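The chain contents come next:
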Amino acid sequence: MPGLNQNRPKTFTPAAGFTFNIAPKAAGPSGVRVEHRIGVQAPAEVIWDLIYDLEGWADWNPLYVKAEGQVRIGAELSLTMVLEGEAPQVIKPVVLEWVPNDQLHWKLRMMGGLVNNTRFIEIEILDVASCIVSNGELFGGMLGPRVVKRIGRKVHHGFQAMNEALKAQAEARWRAQGGAPTSAT
């Protein structure tokens, strides 16, 4: 029937006591995630000691061949990153948070903020001498997804190489301390 909708308001008017239940945006960083995970047969403390000793990264880390700075919230780090087929690049991220034997997160802004990266190294304890290390980065910002398209595979290979070197170092250190692996691997 024509004309029935003419008297209805064109916008929604809630009744008394009605509220909208709109979920807030998820807290924390967002973006395209590139990650590598690896099992390590060593305690979280042994793994953390290697991660926390930035200057020692030059001895074992193929991704960050030089690292300087202090692991503390708000501190700027200086890292020389080497990706396959790319020239070494010095980056200056800022530590967002760190928890001993658990995680290290830092933030890097590039291209005037068009790329905002949140980097994470996290240790998940499975048993006394068994952990999973997650090594990754969220590429956010307007150009973050384009950066991932261009170098995402190289970044993943870098995380994998770093994880494999970290695993070898941590397990060797654990054995040298008299520790034994928890499995036959």
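Scroll up a little and you will see the structure.
Keep in mind that this is a model prediction, so the values were computed, not measured.

Undergrad: Looking at this structure, I do not really get the overall build of the chain. What am I missing?
TA: Summing up its helical and strand segments, the chain has 3 helices and 8 strands in all. In the chain, the order of α-helices and β-strands from amino to carboxyl end is β-α-α-β-β-β-β-β-β-β-α. For the chain, with 185 residues in total, the buried portion stands at 40%. Contacts spanning at least 24 positions in sequence make up 53% of the contacts within the chain whose residues lie at least 6 apart. Counting every atom, the chain has about 11100 Å² of accessible surface; 54% of that belongs to carbon and sulfur.

Undergrad: Quick question: what am I supposed to make of the sheet that holds strand 3 (residues 78-81) here?
TA: Strands in a sheet are paired, the pairing made by backbone hydrogen bonds, and the direction either parallel or antiparallel. Taken together, the 3 strands give an open sheet; going across it, the order is 2-3-4, and neighbouring strands pair in antiparallel fashion. The open sheet has two edge strands, strand 2 (64-68) and strand 4 (89-91), and neither has a second partner. Each neighbouring strand pair of the sheet contributes to a mean axis angle of 15°, computed without reference to strand direction. Relative to strand 4, strand 3 runs antiparallel, the two being bridged by 3 bridges. The residue bridging Leu-79 from the neighbouring strand is Ile-91, located in strand 4.

Undergrad: In this structure, what is going on with the environment of Gly-31? I would like to understand it.
TA: One can find Gly-31 in the segment before strand 1 (32-40). Accessibility expressed as a relative area gives 44% for Gly-31, which makes it partly exposed. For Gly-31, the residues in contact, after removing those within four places along its chain, are Leu-138, Phe-139 and Gly-140.

Undergrad: Teacher, can you tell me more about the pattern of salt bridges here?
TA: Any two side chains of opposite charge can pair if their charged atoms end up close together. Tallied over the entire structure, the rule returns 6 salt bridges. Here Glu-35 ties to Arg-33 by a salt bridge, and the two come within 2.9 Å at their closest N and O atoms. A relative accessible area of 22% means that Glu-35 is categorised as partly exposed. Taking the shortest distance from any N to any O, the salt bridge between Glu-86 and Lys-154 comes out at 2.8 Å. Taken together, the positions of Glu-86 in the loop between strand 3 and strand 4 and Lys-154 in helix 3 (residues 144-176) put the pair 68 residues apart, joining distant regions of the chain. Since its relative accessible area comes to 24%, Lys-154 is described here as partly exposed. Each of the salt bridges in this network shares a partner with another, and the network as a whole consists of Glu-86, Arg-150 and Lys-154.

Undergrad: Explanation requested: the nonpolar core in the structure shown.
TA: Side chains that are nonpolar tend, in soluble globular proteins, to be buried together. Counting residues in hydrophobic clusters, the biggest one holds 43 residues, and the most contacted among them are Ile-47, Ile-51, Trp-57, Tyr-64, Leu-79 and Trp-106. Here the element with the most residues in this core is helix 3; it accounts for 10 residues. Once residues lying within four places of it in the same chain are set aside, the contact partners of Trp-57 are Leu-50, Ile-51, Tyr-64, Ala-67, Leu-79, Trp-106, Ile-121 and Met-162.

Undergrad: Sorry if this is basic, but what is going on with the packing of aromatic side chains here?
TA: The geometry of an aromatic ring pair comes down to the distance between the two centres and the angle between the two planes. Under the defined criterion, the tally for this structure stands at 7 aromatic pairs. Judged by centre distance (5.9 Å) and plane angle (35°), the ring pair of Trp-48 and Tyr-52 falls under tilted. In this pair, Trp-48 and Tyr-52 both sit in helix 1 (residues 44-52), 4 residues apart, roughly one turn of the helix. Given a relative accessible area of 6%, Trp-48 falls into the buried group. Residue classification places Tyr-52 among the partly exposed residues on the basis of a relative accessible area of 41%.

Reading the values: rules and limits
Residues numbered from 1 in each chain as written. Predicted model: local features only at pLDDT ≥ 70, side-chain atom pairs only at ≥ 80, totals over all residues. Heavy atoms only, no water. Helix = DSSP H or I, 4+ residues; strand = E, 2+ residues; numbered from the N terminus. Buried < 20%, exposed > 50% of the residue type's maximum accessible area, 1.4 Å probe, protein only. Contact = heavy atoms within 4.5 Å. Areas by Shrake-Rupley, 256 points an atom, 1.4 Å probe, with all protein chains shown as cover. Pairing = 2+ DSSP bridges. Axes fitted to C-alpha atoms, helices over the stretch in contact; angles between N-to-C directions. Salt bridge = Lys/Arg side-chain N within 4 Å of Asp/Glu carboxyl O. Core = buried A, V, L, I, M, F, W, Y, C linked by side-chain atoms within 4.5 Å. Phe/Tyr/Trp six-rings, centres within 6.5 Å; stacked < 30°, edge-to-face > 60°.

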